[in-house]
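# Architecture and fold: a report
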Amino acid sequence: MPKTQQRKDSYREPLNTCPQFERNLRFKDLFNHALDKPFEWEVTRAFDSSSFEEAVDYFARQAAEETAEVPVDPVPGAFKELEQDNTELKRRNTELEQDNTELEEDNTELKQDNNELEEDNTELNLSHTKNWIEISSDSDVDVFTLKRALALLKEQLNEKLTETVWWSDKDTDCACCVHCILKWFTPFDSQESRLSKGLTWAQTFAVDVTLDPDTASPYLILSEDGKQVSYGDIRRNVPENPKRFDKFPCVLAKQGFSSGRFYYEVQVKGQTGWSLGVARESINRKGMITLSPEDGFWILILWYENEYFIFDDPPVSLSLRVKPEKVGVFVDYEEGLVSFYDVESRSHLYSFTGQTFTEKLYPFFSPGLNDKGKNSNPLIISPLLD
């Protein structure tokens, strides 16, 4: 018999007669098992270096430490059921993860569909809407000039052939005069076409404008001919009346318009601030005012030398490549249109469109504050009618 087996038997023999060993079946199984396992050397070391009782105690402690974390199944089959439940939970978790992945894929597809719909909607909006802020006309050539020429031709033909019947259908007794025929050649006169006709067309509706001293703020200085206005640092003693602006440095023209079209120009060269446009007759003239259409003002404003602003809905800030030195203002009362032009560069600056006018409109002028002498130049109404 091998020596190792003899040694193991020599360990088992006294333990078989040990009451502690017999009572503790768990300890007995662990001991017999340990003799055949890698930590057999621990058992051997314990018996070789101690008394039998000390060795038994030592081994009991070692065995307890080695098996401390080994779970004991208190109920037969409980661990198996738990493992089955755990397996089922893992399976269900896998299914839920798959379902979640499918939902995420569906959500991604919905987002893509939504993005495509938004792009289609944007294209539709762009096809039906034009941003007049970005549209300008650098010159009055090509189609615009042609349209104007056709309009002039119509006027000349009207003068020569008014009420002249020059074609007749005997079968239908229908007669067409030149007025009917010329309708076929008249450019489509929509609000859009008026904007596109350019400055040359607008200037054909020029009117003579003169400043009304009865509306001028006490801080304004008007020329004797009523064509220039500047800001004075001293409040003048002027008669008080309901028409006068008492706080805001502005003035209206004497001429008011309740129909048709009109146009005027103002020189603004060398100024750091000004306001130009039209105002309705019933505006508030006392205290500080807001230059918005809601309050009865359709105005283009220059602030701080190079900031151009419009109180439209919503408010608009204009980025102009060239600083205007002369500004043209055009109004079409029936169409609800107020347009501003840079006269020198012959470009369109901005237009209020779709407005509703129900009372007289007056040209509006404000030279702004003096700005310590930087803004001392007057606004000058340009002569357009000889």
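Summary of the structure given here. The written sequence of each chain sets the order in which its residues are numbered from 1. Local features in this predicted model are restricted to residues of pLDDT 70 or higher, and side-chain atom pairs are both shown and tallied only at a pLDDT of 80 or more, whereas totals for entire chains, interfaces and linings draw on every residue. Calculation of side-chain values draws on the structure's entire complement of heavy atoms; hydrogens and water are dropped beforehand.

## Some points on the overall build of the chain
A helix here means a DSSP run of H or I that spans at least four residues, while a strand means a run of E at least two residues long, and both kinds are numbered starting from the N terminus. Scanning the chain from N- to C-terminus turns up nine helices and 15 strands. Each of the 386 residues in the chain was classed as buried or not, and the buried ones make up 36%. For the chain, the share of sequence-separated contacts (at least 6 apart) that also reach a separation of at least 24 residues comes to 65%. Summing over all exposed atoms, the chain offers an accessible surface of approximately 24300 Å²; the carbon and sulfur share of this is 51%. Partly exposed residues are those whose accessible area sits between 20% and 50% of the maximum for their type, while under 20% is buried and over 50% is exposed, using a 1.4 Å probe and protein chains only. Any two residues whose heavy atoms approach within 4.5 Å at even a single point are treated as in contact. Accessible areas in this description were obtained via Shrake-Rupley with a 1.4 Å probe; residue shielding takes into account the shown protein chains only.

## Focus on the sheet that holds strand β13 (residues 347–352)
Strands qualify as paired when DSSP identifies two bridges or more between them. An order of β3-β4-β15-β6-β11-β12-β13 is seen for the seven strands of this open sheet, with the pairing classed as antiparallel. The two strands at the open ends of the sheet, each matched to only one other strand, are β3 (220–222) and β13. Each strand axis lies, on average, 20° off the axis of its neighbour in the sheet, ignoring direction. Relative to strand β12 (residues 337–342), strand β11 (residues 326–332) runs antiparallel, the two sharing six bridges. For helices, the fitted axis covers only the stretch in contact; all axes are lines through C-alpha atoms, and the angles between them, taken along N-to-C directions, range from 0 to 180 degrees.

## Re the packing of aromatic side chains
Only the six-membered ring of Trp is used, alongside the rings of Phe and Tyr, when aromatic pairs are assigned; centres must lie within 6.5 Å, and planes under 30 degrees apart are stacked while those over 60 apart are edge-to-face, with the rest tilted. A complete count under the given rule lists 15 aromatic pairs for this structure. Ring centres of W303 and F311 lie 6.2 Å apart, and the angle between their planes is 70°; this geometry places the pair in the edge-to-face category. Residue classification places W303 among the partly exposed residues on the basis of a relative accessible area of 35%. On the basis of relative accessibility, which here comes to 23%, the residue F311 falls in the partly exposed class. An aromatic cluster is built from W201, F205 and F330, whose rings are joined through pairwise contacts.

## Let's talk about the nonpolar core
In this text, buried Ala, Val, Leu, Ile, Met, Phe, Trp, Tyr and Cys residues form a nonpolar core when linked through side-chain atoms within 4.5 Å. With 38 residues, the main nonpolar core has W274, L276, L300, V338, F340, F365 and L379 as its most contacted residues. Excluding residues within four positions of it along the chain, L276 makes contact with V266, V268, W298, I299, L300, V327, F340, F364, F365 and L379. Core analysis: the second largest hydrophobic core is formed by 13 residues, F248, C250, L291 and Y362 among them.

## Brief notes about the side chain of D342
Tracing the backbone shows D342 in strand β12. This buried residue, D342, is left without a salt bridge; R321 holds the nearest opposite charge, at 8.8 Å. D342 has contacts with L199, V322, P324, K326, S347 and L349, leaving out every residue within four places of it along the chain. Charged residues are defined narrowly, with Lys and Arg counted positive, Asp and Glu counted negative, and His plus the chain ends left uncounted. We count a salt bridge whenever a side-chain nitrogen from Lys or Arg sits within 4 Å of a carboxyl oxygen from Asp or Glu.

## Description of the pattern of salt bridges
Using the criterion set out here, one finds six salt bridges in the structure. The closest approach of N and O atoms between D208 and K227, which form a salt bridge, is 2.7 Å. Here D208 is found in the loop between α9 (191–203) and β3, whereas its partner K227 is found in the loop between β3 and β4 (228–231), with 19 residues between them in sequence. Residue classification places D208 among the partly exposed residues on the basis of a relative accessible area of 47%. K227 gets classed as buried once you look at its relative accessible area, which sits at 18%. For the salt bridge of D332 with R261, the shortest nitrogen-to-oxygen distance reads 3.0 Å. On the criterion of sequence distance, the pair formed by D332 in strand β11 and R261 in strand β6 (residues 261–267) is long-range, its members being 71 residues apart. The exposure class of D332 is buried, given its relative accessible area of 2%. Take R261: its relative accessible area is 28%, and that puts it in the partly exposed class. Counted as one network, the salt bridges with shared partners bring together E88, R91 and E95.

## A word on a negative patch on the surface
Candidates for patches are residues over 30% relative accessible area with no salt bridge; among them, like charges are joined within 9 Å and nonpolar side chains (Val, Leu, Ile, Met, Phe, Trp, Tyr) within 5 Å. Where a charge sits is defined by one atom per residue type, namely NZ (Lys), CZ (Arg), CG (Asp) or CD (Glu). Together, D99, E102, E104, E105, D106, E109, D113, E116, E118 and E119 make up a negatively charged patch on the protein surface. As for its placement among the helices and strands, E104 is situated in helix α6 (residues 78–128).

## Some details on the sheet that holds strand β10 (residues 316–318)
Within the open sheet, the six strands sit side by side as β5-β14-β7-β8-β9-β10. Their pairing is antiparallel. Every other strand in the sheet has two partners, leaving β5 (251–252) and β10 as the edge strands with one partner each. Examined bridge by bridge, β5 and strand β14 (residues 361–366) share two bridges and lie antiparallel to one another. Along β14, the bridge assignment pairs V251 with F365.

## Points about the pairing of strand β7 (residues 274–280)
Where burial is concerned, most of β7 is hidden: six out of the seven residues are buried. Taken together, the six bridges between β7 and strand β8 (residues 297–303) define a ladder with antiparallel strand orientation. For L276, the partnering residue across the bridge sits in β8 and is L300. Bridge analysis of β7 against β14 gives six bridges, and the strand direction is antiparallel. Residue pairing across strands places S275 opposite S366, the latter belonging to β14.

## Concerning the pairing of β12
Across the six residues of β12, six count as buried, placing the element largely inside the fold. Because side chains alternate across β12, one face comprises the buried residues L337, S339 and Y341, and the other comprises V338, F340 and D342, equally buried. If you look at the hairpin formed by β11 and β12, you'll find four residues sitting between the two strands, and G336 has a positive phi there, around 65°. Where β12 hands over to β13, the hairpin turn is made up of four residues, of which R346 adopts a positive phi near 55°.

## Considerations on unusual backbone geometry
Following D313, the chain continues to P314 via a peptide bond in cis, the omega torsion being 5°. Within the element layout of this structure, P314 appears in the loop between β9 (307–310) and β10. For Y304, which is not glycine, the phi torsion reads 50° and is therefore positive. For K372, which is not a glycine, the phi torsion comes out positive at approximately 55°. In this fold, K372 is placed in the loop between β14 and β15 (379–381).

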